[in-house]
Amino acid sequence: MESIVRKPLLLVNFTFVNLLEYCDVINAAHACENDYRHVIIKGQTLFKEHFVTDIRFKSDEETRCHYVQARVKAEMKKRSAYNVTGVISYNGKVIEGECQCAGGCKPACCKHLFGLLSALEDYSRKEMYAAPTDKIQTWHQPAPKPISPQKTKDSFSCDKTGLTNFDTSVSMSALAALPQNTPIFSVVQADPEKLTSDIIFYERTIPFVG
């Protein structure tokens, strides 16, 4: 099967109505009249929260159907995932669906299947089948979290709790005896009048390895 981000799935005009019509297929198969709209909503939530991954498909000209599969993470155990499959005709009718979960027997009526169908509805509505490669590869990918720059002083900050009356004196003769270019910040070159207790404190909290 082909990945949906590598090859376009020509699923045109696949809408929410097709999901509702599939509910009629389920009721007819099970001889019941259940309302599955709450399950559809749960499936939409799974899609929006990126539980649906690795969507693949194969199109068959003889049957005029798309055979679609995906991995859908379990809602309570995100490390676990179910294999979900669906058959959709070229005109958008959902023929059948199946899932590995307890409610996934054919025709499946579980939230995992509706998660996959919700992904396909979003894909079709946004016409991703006609989108350029760079756009399709970022389709339904979590937005990167911004990284806040951190001040150097904060990076090297130490907890001063309980530290009182620490010695702030500096032996300049001892510093002068160190090898040239010793990585000890700028204390050797610093103007003694500009030395602060904070600067000296940081110098003394980082051990020198000779």
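What counts, and at which threshold
Residues numbered from 1 in each chain as written. Predicted model: local features only at pLDDT ≥ 70, side-chain atom pairs only at ≥ 80, totals over all residues. Heavy atoms only, no water. Helix = DSSP H or I, 4+ residues; strand = E, 2+ residues; numbered from the N terminus. Expected span 1.5 Å × (residues − 1). Buried < 20%, exposed > 50% of the residue type's maximum accessible area, 1.4 Å probe, protein only. Arc of directions from axis to C-beta. Contact = heavy atoms within 4.5 Å. Salt bridge = Lys/Arg side-chain N within 4 Å of Asp/Glu carboxyl O. UniProt positions renumbered as here; feature names shortened; annotations may be inferred. Pairing = 2+ DSSP bridges.

Q: Explain helix α2 (residues 37-48) here, please?
A: Working note: α-helix, 3.6 residues per turn, so residues spaced by three or four point in the same direction. Taking 1.5 Å of rise per residue, twelve residues should cover 16 Å, and α2 covers 17 Å from first to last C-alpha, within 8% of that figure. When we look at burial in α2, the residues that qualify are V39, I40, G43, L46 and F47. Buried residues of α2, viewed axially, fall in a sector of 115°; they line one side. Turned more than 90 degrees from where α2 packs its buried face, R37, I41 and K48 sit exposed. Of the surrounding elements, those touching the buried residues of α2 are α1 (16-30), β2 (52-60), β3 (65-73) and α3 (111-125). Positive phi appears at H50, one or two residues downstream of α2, with a value of about 65°.

Q: I tried to follow unusual backbone geometry on my own but got confused; where do I start?
A: Excluding glycine, most residues fall at negative phi; most peptide bonds, likewise, are trans. Phi at N13 is positive, roughly 60°, even though this residue is not glycine. Position of N13 relative to the elements: it lies in the loop between β1 (2-3) and α1. Take N13: its relative accessible area is 61%, and that puts it in the exposed class. Positive phi, normally seen in glycine, also occurs at H50, with a value near 65°. Tracing the backbone shows H50 in the loop between α2 and β2. A residue is classified by how much of its surface remains accessible, and H50, at 28% relative accessible area, is partly exposed.

Q: Whenever I open this one, the pattern of salt bridges confuses me. Can you help?
A: Two side chains carrying opposite charge are able to pair once their charged atoms lie near each other. Scanning the entire structure with this criterion turns up six salt bridges. K111 is the salt-bridge partner of E75, the closest N and O atoms lying 2.6 Å from each other. Of this pair, E75 sits in the loop between β3 and β4 (81-89) while K111 is found in helix α3, placing the two residues 36 residues apart along the sequence. The exposure class assigned to K111 is partly exposed, which follows from its relative accessible area of 22%. A salt bridge links R125 to E121; its shortest N-O distance comes to 2.9 Å. Note that R125 and E121 are positioned in helix α3 at a spacing of four residues, about one turn of the helix.

Q: Mind showing me how you'd approach the UniProt feature "domain: SWIM-type" (unreviewed entry) in the protein chain here?
A: In this numbering, the UniProt entry assigns the feature "domain: SWIM-type" (unreviewed entry) to residues 84-121. What you have in residues 84-121 is 29% helix and 32% strand, and the ends, taken at the C-alpha atoms, are 16 Å apart.

Q: Can you walk me through the sheet that holds β3 in this structure?
A: Backbone hydrogen bonds are what pair the strands of a sheet, in a parallel or an antiparallel way. Here five strands make up an open sheet; going across it, the order is β1-β2-β3-β4-β5 and the pairing antiparallel. The outermost strands of the open sheet, each flanked by one partner alone, are β1 and β5 (94-99). For β2 and β3, the ladder comprises seven bridges, and the chain directions are antiparallel. Of the residues in β3, the one forming a bridge with K58 is Y67.

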